[in-house]
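# Summary of the model geometry
One-letter residues, chain by chain:
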Amino acid sequence: MNSTIDLNTYECSGEGLILPAINEYTWSIGARAFLYLLGMLWCFLGIAIVADTFMCGIEKITSKTRVIQIPDPDSKGGVREVEVKVWNDTVANLSLMAFGTSAPEILLSVIEICGKGFKAGELGPGTIVGSAAFNLFAITAMCIVSIPNGQVRRISNMGVYAVTTSFSMFAYLWMIVVLMFSSPGEVELWEAILTFLMFPTLILVSFAVDKGCWCRKNKTSSEVEIGIVLAPPRPGHFSPSLTFQCLALLDQVTLPLFPANWRPSNNGFSGVSAQLYKTRSTYFSNSDDKNRGDDDGGTGTADIIHMARELGRNKDISEEDAAKLAAAKLSENQHHSSLWYRIHATRNITGGHKLVPQINKALHELYEQSQDKIARQSQMGSHQSLSMIDLTEGGNKAVVEFTAPSCAVLENEGNVRIGIRRYGCCKKSVTVMVETIDGTAEAGSDYKPLKEKIVFNANETKKEVHVVIVDDDVWEPDEIFFVKLWIDDSAQDVVLGKTVINQVTIINDDEPGKFEFSKPSYIVNETSGKAQLFVNRVNGADGSVAVSWRSRDLTAINGKDYIGGEGSLTFEHGETSKVLVLSILDSGLTDREHSFQVELVSPTGGAEIGRIGKAIVTLVNDEEFEGLVSRITNQTMKNLDGLRLDSSSWGEQFHDAMNVNGGDAENATVIDYIMHFCTFFWKVMFATLIPPTSIGGGWLTFSFSLMVIGFLTAIVGDLASIFGCLIGLKKTVTAITLVALGTSMPDLFASKQAAVGEKTADSSVGNINGSNAVNVFLGLGLPWLIATIYWGVKGERFIVPTDALGFTVVLYTAFAIFTLVILMIRRKFAEFGKAELGGPVRNKFLSAFLILMLWFIYVILSSLNAYKIFNVPF
């Protein structure tokens, strides 16, 4: 009897839709398993890179703007044109952006069911549930512990978060109903239609909540854009409250880098925000850059110029390094979306073009020292550069302003008194409005919000407002908020003065504090006669303490170029700032190499020296480095231009694809080179196949990237199926472990960076539930709809096995409820910092451990059930 051997039929040869591409009959199972695992990991990198391009296309689409006309009596014709976003941010996040992050899981489910003759598979649904579990459990745990000690992150948009969370839980409860109760073992057409229609329902409901149909309306990005950049002030008038918050916060992050004697003021703002508000000139206002938005670092030209002036005077920093440092400083302080963090994480993993300038360790140290420092200038110093314009118009109008641009209050004092004065015409009664605005301090938790009318009666020149400070037992660093003055359109006889923003610092009152300079370097004009160095007492103001200082010659000589020596400063209880004044001698400088150092030493009363215990004072003249400033400014703008998400041409795409770090080889690490080598093929192929975002408004990038993601997802499905078959791994286990981790790993790094970099938790854990809901509604709803229609036309039923899938869904749903309860407890109780992320070290690690253990238990129990080690009656 003759027997024949079919060389095309061998172990696991029929598992894939496309693979194996060649005959592997003679290959050993071990070698095949290793190669398939390696290929799967390599394809995961490819999917991450093309998803990067895919989301750049989405960003280009969703950042599209249109021109609208708004009334403005000061403009020609009574109206002015402004650009606003076409896409609502909430709709964009839950539609294209959610689809962008979930595209591999969704396409895997669709491709699997179509490739198997419209029969239900295990890999696609298992990956969707497994990815949801990894997102909710592992990513949430990582975000909780990644917050720096002493800091917290809360979800701010609770309305949209509540909607997405409700829909996410309903999605998996709905799966349980469909698979086990409504029609056990099959999916009917009406169930598939309802599942799919939940996706647009989620978008509509979230949009309604965002617009304030059932709760307080949220400011849209378009409203923010109008308030900040596009709303010029009328004399004595100002834009919506968000304008003041953003411009005042701009001062907070940029003033520490500016010279002590550089303090321009305009319309109540100080520092760079005054210039930005005055000129309304932004770097990204050019026509070719108008769609980049905040995510790409929309930064004022005034910011760049004045930061370049400061850095140009530092003799230890080259022009190129100064430009990099300025670009890093200006870009990292911008708010970024979750999409930006996803792209940033992918490029970090794959050695691609970074979205944040890379700076070396020495520059990074300077950057860290200057970050988040606030220049607390005395009233005298801040008024030196005030304009001498007569705002009273010859005494015919009343001018109202704060008596000081800033004040400080101990947390336990209960309230802060802020003075308001009137001058000019005082014969009539006038009314102004006063309102509080969040800074790093938040209304409700740190202070009681205030919004009220202030009436100056005839001949009344002074008023006070009282803001209640919330005293808690939780140690916090010093925090700030702002109080602003404004007048309505009907006011005729009153204008606002120079100081219409008052910065209030809430001082921690439980410690003696730390002494530090307001910034690490001061630039002083030799002809000014004196140098004012501001010494701040931070993170505590308890008791009377003192700190000594001493000067040390560098290139400037004591007694010849300046009068230094030693001395001390005494801070009384609650006092937070002192000015150290040193005399500067006119010695006829011819270069910028004259500098000396001042150091803080020997604090008393338990106080300590803070991060900036030394300051360098550099003596300069005004003309010696204007050319240098110009060069640094131009290079900084060029660096910022290279940080945008989109690409302008095929040539630019090829340049970024073929060079490690997009061409920044100097700052590339060994890991960057290794990952660039591993992903070089993908980068060049995608740069060839996918059009740049500048063509077709991003839609061509979106479409071509989606097709490539679909193809790679089909390859990954085959690799995972064959690999699992070769090593005896059930498809359900393969889906919830290898495939789910491979598709979700970029989200882990992105969420971690968003948790650390953002002020709120919305961009890190706030989007998880929305993404999980979209996975079900599209990743199961769409293939179910296709399959039920196909089998319905044939008069047959769409059968869906529930033994493994049903158990994983029930297990995930139970653990998800437990996780959400933990997050609610963290938000409610002070022991956890009253926030979803961060808080006291011990409790945040305990929370993260409990949530992460849920993921391990989920994987273990699902695997045991898949192998029938125990049977669950589902």
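Predicted, not measured: the structure shown is a model, and the values here were computed from it.

Counting its regular elements, the protein chain contains 22 helices and 27 strands. The 874 residues of the protein chain split such that 55% are buried. Intrachain contacts of the protein chain at a sequence separation of at least 6 include 75% that bridge at least 24 residues. Surface accessibility of the protein chain: about 36,400 Å² in total, with carbon and sulfur atoms responsible for 58%.

Next up on the list: the sheet that holds strand 13 (residues 479-486). Whether parallel or antiparallel, the strands of a sheet pair through hydrogen bonds between backbone atoms. In space, the five strands of this open sheet follow the order 8-15-13-10-11, with mixed pairing throughout. At either end of the open sheet lies a strand with only one pairing partner, and these are strand 8 (406-410) and strand 11 (451-456). Neighbouring strand axes in the sheet, compared pairwise and without regard to direction, differ in orientation by 25° on average. Here strand 13 runs beside strand 15 (residues 501-507); their pairing, made up of six bridges, is antiparallel. Across the sheet, residue Lys484 finds its bridge partner in strand 15, namely Ile501.

What characterises a pair of aromatic rings is the spacing of the ring centres plus the angle enclosed by the ring planes. Within this structure, the stated rule accounts for 20 aromatic pairs. Between Trp42 and Phe681, the ring centres sit 5.6 Å apart and the planes meet at 35°, which makes this aromatic pair tilted. One end of the pair, Trp42, is in helix 1 (residues 29-62); the other, Phe681, is in helix 16 (residues 670-689), with 639 residues separating them in the sequence. By relative accessible area, which is 44% here, Phe681 ends up partly exposed.

Let us now look at the packing of helix 5 (residues 189-210) against helix 19 (residues 768-779). Where helix 5 meets helix 19, the axes come as close as 7 Å, and the angle between the chain directions of the two elements is 140°. With respect to each other, helix 5 and helix 19 are oriented oblique. Across the interface between the two elements, Thr195, Phe196, Met198, Phe199 and Leu202 from helix 5 touch Ala773, Val774, Val776, Phe777 and Leu778 from helix 19. The residue makeup of the contact of helix 5 with helix 19, split by class, is nine nonpolar, one polar and no charged.

What follows deals with the state of the cysteines. Counted under the stated rule, the structure contains one disulfide. Across the disulfide from Cys12 sits Cys725; the S-S distance is 1.9 Å. Of note, the bridge from Cys12 to Cys725 carries an S-S torsion of about -85° and is left-handed in sense. One end of the pair, Cys12, is in the segment before helix 1; the other, Cys725, is in helix 17 (residues 699-727), with 713 residues separating them in the sequence.

Under the 1.5 Å per step criterion, the end-to-end length of helix 16 is 28 Å for 20 residues, consistent within 8% with the ideal 28 Å. Thr679 marks the point of greatest bend in helix 16, at about 60°. Considered for burial, the residues of helix 16 that qualify are Asp672, Met675, His676, Thr679, Trp682, Lys683, Phe686 and Ala687.

A few words on helix 3 (residues 123-146). The end-to-end C-alpha distance of helix 3 is 32 Å, a good match for the 34 Å that 24 residues give at a rise of 1.5 Å each. For helix 3, the principal kink sits at Asn135 and spans about 25°. Within helix 3, 22 of the 24 residues are buried, which leaves it mostly tucked inside the rest of the structure.

In this section: the nonpolar core. Of all hydrophobic cores here, the largest spans 123 residues; its most connected members are Phe137, Tyr172, Phe777, Tyr812 and Tyr858. The element contributing the most residues to this core is helix 1, with 14 residues. Not counting residues up to four positions away in its chain, the partners in contact with Tyr812 are Val129, Ala132, Ala133, Leu136, Phe137, Ser168, Tyr172, Asn772 and Tyr858. If you look at the next biggest cluster of nonpolar residues, it comprises 33 residues, including Val434, Leu496, Val500 and Ile506.

Pairing geometry for strand 19 (residues 545-553) and strand 21 (residues 566-571), over six bridges, is antiparallel. Paired with Trp549 across the strands is Gly567, a residue of strand 21. For strand 19 and strand 23 (residues 594-601), the ladder comprises six bridges, and the chain directions are antiparallel. Note on strand 23: the bridge partner recorded for Arg550 is Glu599.

A cluster of nonpolar side chains, contributed by Leu846, Phe849, Leu850, Leu852, Met853, Phe856, Ile857 and Ile860, occupies part of the molecular surface with about 670 Å² of accessible area. Looking at where Leu852 falls in the secondary structure, it is placed in helix 22 (residues 841-866). For Leu852, a relative accessible area of 31% gives the class partly exposed.

Our focus in this paragraph is the sheet that holds strand 16 (residues 514-517). Spatially, the five strands line up as an open sheet ordered 20-22-18-16-24, and their pairing is mixed. A single partner strand is all that each edge strand has here, and the edge strands are strand 20 (562-563) and strand 24 (608-609). As paired elements, strand 18 (residues 530-538) and strand 22 (residues 577-584) share seven bridges and run antiparallel to each other. The residue of strand 22 that forms the bridge with Val535 is Lys578.

A side chain of one charge can pair with a side chain of the opposite charge when the charged atoms of the two come close. This model, assessed by the stated rule, comprises 11 salt bridges. Between Glu24 and Arg32 there is a salt bridge whose closest N-O contact spans 2.8 Å. According to the relative accessible area criterion, Arg32 is buried, its value standing at 2%. In this structure, Glu575 engages Lys578 in a salt bridge whose closest nitrogen and oxygen atoms are separated by 3.2 Å.

Turning our attention to the side chain of Lys844. Relative to the elements of secondary structure, Lys844 occurs in helix 22. Although Lys844 is buried, it forms no salt bridge, and the closest oppositely charged side chain is Glu836 at an N-O distance of 14 Å.

A word on the confidence of the model for the protein chain. When the pLDDT values of the protein chain are averaged, the result is 78; 75% of them are 70 or greater. Contacts of residues 216-302 to residues separated by more than four positions or lying in other chains number 224 contacts, the stretch itself having pLDDT below 50. Low pLDDT, under 50, characterises residues 370-388; the stretch is placed with 45 contacts to residues that sit more than four places away or in other chains.

Structurally, Gly100 can be placed in helix 2 (residues 89-115). Sequence-wise, Gly100 and Cys56 are 44 residues apart; in three dimensions their C-alpha atoms are separated by 9.6 Å. Apart from residues lying up to four places away in sequence, Gly100 is in contact with Phe54, Met55 and Ile58.

As a further point, take the side chain of Glu112. Tracing the chain through its elements places Glu112 in helix 2. Of the side chains bearing the opposite charge, Lys731 lies closest to the buried Glu112, which forms no salt bridge; the N-O distance is 5.0 Å. Within polar-contact distance, the side chain of Glu112 engages the backbone nitrogen of Leu123 at 3.0 Å. Discounting chain neighbours no more than four positions away, the residues touching Glu112 are Gly121, Glu122, Leu123, Gly124 and Pro125.

Right, let's talk about the environment of Thr760 for a bit. Within the fold, Thr760 resides in the loop between helix 18 (731-757) and helix 19. For the pair formed by Thr760 and Glu836, sequence separation is 76 residues and the distance between their alpha carbons is 9.5 Å. When neighbours within four sequence positions are excluded, Thr760 is seen to be in contact with Arg153, Arg154 and Ser156. At a separation of 3.0 Å, a polar atom in the side chain of Thr760 contacts the side chain of Asp762.

Turning our attention to unusual backbone geometry. In the segment running from Leu19 into Pro20, the intervening peptide bond is cis, with an omega of 0°. With respect to the helices and strands, the residue Pro20 is situated in the segment before helix 1.

Two numbers describe how helix 1 lies on helix 11 (residues 338-350): the axes approach to 10 Å, and their chain directions differ by 145°. As helix 1 runs across helix 11, the sense of the crossing is left-handed. Facing helix 1, whose interface residues are Leu45, Ala48, Ile49, Ala51, Asp52, Met55, Cys56, Ile58 and Glu59, helix 11 presents Leu339, Arg342, Ile343, Thr346, Arg347, Ile349 and Thr350. Each residue belonging to the contact of helix 1 with helix 11 can be placed in one class, and the counts come to 10 nonpolar, two polar and four charged.

Calculation rules
- Residues numbered from 1 in each chain as written.
- Predicted model: local features only at pLDDT ≥ 70, side-chain atom pairs only at ≥ 80, totals over all residues.
- Heavy atoms only, no water.
- Helix = DSSP H or I, 4+ residues; strand = E, 2+ residues; numbered from the N terminus.
- Buried < 20%, exposed > 50% of the residue type's maximum accessible area, 1.4 Å probe, protein only.
- Contact = heavy atoms within 4.5 Å.
- Areas by Shrake-Rupley, 256 points an atom, 1.4 Å probe, with all protein chains shown as cover.
- Pairing = 2+ DSSP bridges.
- Axes fitted to C-alpha atoms, helices over the stretch in contact; angles between N-to-C directions.
- Phe/Tyr/Trp six-rings, centres within 6.5 Å; stacked < 30°, edge-to-face > 60°.
- Parallel < 35°, antiparallel > 145°, perpendicular 65-115°, else oblique.
- Nonpolar A, V, L, I, M, F, W, Y, C, P; charged D, E, K, R; others polar.
- Disulfide = S-S within 2.5 Å.
- Expected span 1.5 Å × (residues − 1).
- Bend = angle between axes of the 7 residues up to and from the residue.
- Core = buried A, V, L, I, M, F, W, Y, C linked by side-chain atoms within 4.5 Å.
- Patch = residues over 30% accessible without salt bridge, like charges linked within 9 Å, V, L, I, M, F, W, Y side chains within 5 Å.
- Salt bridge = Lys/Arg side-chain N within 4 Å of Asp/Glu carboxyl O.
- Lys, Arg positive; Asp, Glu negative; His and termini not counted.
- pLDDT = per-residue confidence, 0-100.
- Polar contact = N/O pair within 3.5 Å; in protein donor to acceptor, adjacent residues only side chain to side chain.
- Left-handed = near helix turned anticlockwise from the far one by under 90°.

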